[in-house]
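So the chains spell out like this:
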Amino acid sequence: MIIKASIKWIIPMLASLLLVLNGCSSNAVPTENKPEDTSAKQNPQTISIMLDWYPNAVHSFLYAAQTNGYFAKHGLEVSIQMPADTNDALKLVAAGKVDLALSYQPQVLMARGEDIPVKSIAAIVRHPLNHLMVPEGGSAKSPKDLVGKKVGFSSIPLYEAMMRTMIKHDGGDPQNVEMIDVGFSFIPAIATNKVDAIIGGFINHEQLLLAKEGHPMTAINPTDFGVPDYYELVLVASDQRLAEKQALFRSFIAAITEGQQFVAENKQKSLSILFEHENQTSPLDKEIETKSLDILLPLMDAGKQSFGYQEPASWSNVRDWLVDNDLLPEDIKAEDAFSNL
C-alpha cells in the first residue's frame, strides 16, 4: 500500500516537472540560438573615402577596419581612394564625387569661407603635426631667433600665418622674417641650408626622414607660441550627404573606432596590414612608419571621450584665430563647420 501510494503521487509530480522543464527549454532555445541578422552583411551599403595623402601610418585605422571586417560588420563596403592632388579632397566631397574625405580642421573652416559646403564629423588626429623645425644644436632655439633669417614653407597662407603668430608671441618682429616658398621640398631646402627653418613639415614624417638622413631637427610646437591647438586630421562630409546619410556615417565611425582600437592594441599587425596597401608610387619605410605610429597614437587618443569626438571650444578658437589673421570671413560660424554624430 505504501509503495502504491508513493507511485500514485510521484507520477503526477514527474509529469509536472517535465512540463516545467519543457516550458523553460522552449523559452531558452530561441534566445541562445537566435539566428544572427545578416541582412546588413548580405546587402552592404557602399561608401567611399578619399585620403589626404598616400597611405601611411595615420591611415592604419582605416585599413585595419577594412581587413578585419569591421566595415562589413556594420553593413558597409568601403572604397578607400588616394587623391591625385592633396587639394582635391574637399572639393570632391562637396561635389558629391566621394562620400567622405580626410582633411584638416583649419581647411574645413576656410573652405566654408569659400562657399564650399563641407563639415567635419570626427577628429582623427587631435593636435598639430605641423611644427616649426630648426636644426638641432643650431642658433635658433625659439621662434624669435628666426628674425632676420629665412623660413621655408609651401606657399600656404595658413603656414605663413602660423609662423608670424609664433614669432610675434615670442617677442620678435614677424615682418623681419623672410618666408621662402620651397614647395613640398622641405627636406632638401633645410638639408642644403637654403633656409634656416621650415614650417609645414610633420613631426611624424619630415622630422623622422631628416633625422634618418643625418639632419636632426628640433620641433617647436605652434601651440606653445600663440597658435590654437587644432585638429590636424578630420573626417569630412558635405552638408548634403550628411543630411542624407547620417546613419550610414555613424556606422562608419563605429567601424573606424574598432579599427583604431585594434591599431592601439596591435601596432605591428596594423603596420603589416598597412604595408599590404602600400602605394607603389609612394613606397613606405618600415622604420619611419613604425616611429610615426608611435607618435600618432597618443595624439589620436580622445581620452574619456569617444574616438573622433570634437570639442566645440576647439572649433571656436581656430575660427577666431583664422578671422584675426584675415584667413576667414567674419560671418563664418564655428558651429556650422562640425558635427558630432
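Everything discussed here concerns the structure shown above.
These numbers come from a predicted model, not from an experiment. (Residues numbered from 1 in each chain as written. Predicted model: local features only at pLDDT ≥ 70, side-chain atom pairs only at ≥ 80, totals over all residues. Heavy atoms only, no water.)

Visitor: I would appreciate a short explanation of the overall build of the chain in the present structure.
Guide: Helix and strand content of the chain: 14 helices and ten strands. In the chain, which comprises 341 residues, the proportion classed as buried is 47%. Considering only intrachain contacts with a sequence separation of at least 6, the fraction spanning at least 24 residues in the chain is 80%. Looking at the chain as shown, the accessible area adds up to about 17000 Å², and 52% of this sits on carbon and sulfur atoms. (Helix = DSSP H or I, 4+ residues; strand = E, 2+ residues; numbered from the N terminus. Buried < 20%, exposed > 50% of the residue type's maximum accessible area, 1.4 Å probe, protein only. Contact = heavy atoms within 4.5 Å. Areas by Shrake-Rupley, 256 points an atom, 1.4 Å probe, with all protein chains shown as cover.)

Visitor: Would you take a moment to explain the sheet that holds strand β4 (residues 118–125) for this structure?
Guide: Sheets are built from strands paired through backbone hydrogen bonds, the pairs being either parallel or antiparallel. Strand order in the open sheet made by the five strands is β2-β1-β3-β10-β4, with mixed pairing throughout. Here the strands that pair on one side only, and so sit at the sheet edges, are β2 (76–81) and β4. Sheet twist, expressed as the average angle between the axes of neighbouring strands with direction ignored, equals 25°. Across six bridges, β4 lies against strand β10 (residues 233–238) in antiparallel orientation. Within β10, the residue paired with V125 across the bridge is L233. Across the sheet, helix α3 (residues 60–67) touches β1 (45–50), β2, β3 (100–103) and β4, and the angle it forms with β2 is around 140°. In this fold helix α6 (residues 105–113) packs onto β3, β4 and β10, with an angle of close to 175° to the strand it touches most, β4. (Pairing = 2+ DSSP bridges. Axes fitted to C-alpha atoms, helices over the stretch in contact; angles between N-to-C directions.)

Visitor: Whenever I open this one, the packing of aromatic side chains confuses me. Can you help?
Guide: Think of a pair of aromatic rings as described by two things: how far the centres are apart, and how the planes are tilted against each other in angle. Overall, the coordinates contain six aromatic pairs when judged by the stated rule. Arranged with centres 5.2 Å apart and planes meeting at 20°, the rings of F71 and F252 form a pair that is stacked. Remark: F252 occurs in helix α11 (residues 246–265) and F71 occurs in helix α4 (residues 70–73); sequence separation between them is 181 residues. The class of F71 is buried, set by a relative accessible area of 3%. On the numbers, 6.4 Å between centres and 85° between planes, the contact of F184 with F186 is edge-to-face. Through a chain of ring-to-ring contacts, three or more aromatic side chains come together here, namely Y231, W315 and F338. (Phe/Tyr/Trp six-rings, centres within 6.5 Å; stacked < 30°, edge-to-face > 60°.)

Visitor: What am I meant to see in the nonpolar core here?
Guide: A general feature of soluble globular proteins is that nonpolar side chains tend to end up buried together. Core analysis: the biggest nonpolar cluster contains 110 residues, and L62, I124, I199, L235 and F252 have the highest contact counts within it. Top element by residues in this core is α11. It accounts for eight residues. Not counting residues within four places of it along the chain, the set of residues in contact with F252 comprises I47, I49, L62, F71, L76, V78, L100 and L235. (Core = buried A, V, L, I, M, F, W, Y, C linked by side-chain atoms within 4.5 Å.)

Visitor: Teacher, can you tell me more about the side chain of H59 here?
Guide: Its place among the elements puts H59 in the loop between β1 and α3. The contact partners of H59, leaving out residues within four places of it in the chain, are L51, D52, W53, Y54 and L102.

Visitor: Sorry, what's going on with the packing of α3 against α11 here?
Guide: In a packed pair of helices, the relevant descriptors are the angle between the two axes and the axis-to-axis distance. It is at 7 Å that the axes of α3 and α11 come closest, and there the two elements cross at 105°. The orientation of α3 relative to α11 falls into the category roughly perpendicular. Contacts between α3 and α11 pair S60, F61, L62, A64 and A65 from the former with F252, A255, I256, G259, Q260, F262 and V263 from the latter. Considering only residue class, the contact of α3 with α11 consists of nine nonpolar, three polar and no charged. (Parallel < 35°, antiparallel > 145°, perpendicular 65-115°, else oblique. Nonpolar A, V, L, I, M, F, W, Y, C, P; charged D, E, K, R; others polar.)

Visitor: How should α3 be read in this particular structure?
Guide: Every α-helical turn comprises 3.6 residues, leaving residues that sit three or four positions apart pointing alike. Among the eight residues that make up α3, six are buried, leaving the element largely enclosed by the rest of the structure. If you check which residues of α3 are buried, you get S60, F61, L62, Y63, A64 and A65. Looking one or two places after α3, you find G69, whose phi comes out positive at around 85°.

Visitor: Explain the environment of A122 here, please?
Guide: As for its placement among the helices and strands, A122 is situated in strand β4. Of the residues examined, A122 reaches a relative accessible area of 1% and is grouped as buried. Sequence separation between A122 and F307 is 185 residues, and the spatial gap between their C-alpha atoms is 7.9 Å. Discounting residues that sit within four places of it in the chain, A122 has contacts with V234, L235, I253, G308 and Q310.

Visitor: Help me out: how do you make sense of the pattern of salt bridges in this one?
Guide: Two side chains with opposite charge may pair up if their charged atoms get near one another. Following the criterion strictly, the structure yields eleven salt bridges and no others. Across the salt bridge formed by K73 and E258, the nearest N and O atoms sit 3.1 Å from each other. With K73 in helix α4 and E258 in helix α11, this residue pair connects regions lying 185 residues apart in the sequence. Salt-bridge contacts for R319 lead to D320; the nearest nitrogen and oxygen are separated by 2.9 Å. (Salt bridge = Lys/Arg side-chain N within 4 Å of Asp/Glu carboxyl O.)

Visitor: It is not clear to me how the sheet that holds strand β6 (residues 150–153) should be interpreted in this structure. Could you clarify?
Guide: If you trace the five strands from one edge of the open sheet to the other, you get β7-β6-β8-β5-β9, paired in mixed fashion. The strands lining the two open edges of the sheet, one partner per strand, are β7 (178–181) and β9 (217–220). Geometrically, the sheet is characterised by an average inter-axis angle of 35° between neighbouring strands, direction not taken into account. Two elements, strand β5 (residues 130–135) and strand β8 (residues 197–202), share three bridges in a ladder whose sense is antiparallel.

Visitor: Would you take a moment to explain the pairing of β3 for this structure?
Guide: Looking along a regular strand, one sees the side chains alternate between the two faces of the sheet. Neither face of β3 is left uncovered, since the one carrying L100 and L102 and the one carrying A101 and S103 both have all their residues buried. Where β1 meets β3, two bridges bridge the pair, whose relative direction is parallel. From the neighbouring strand, M50 faces β3, where its bridge partner is A101. Pairing of β3 with β10 involves three bridges; the strand directions are antiparallel. By the bridge assignment, L102 is partnered in β10 with L235.

These values are about where atoms sit, not about what they do.
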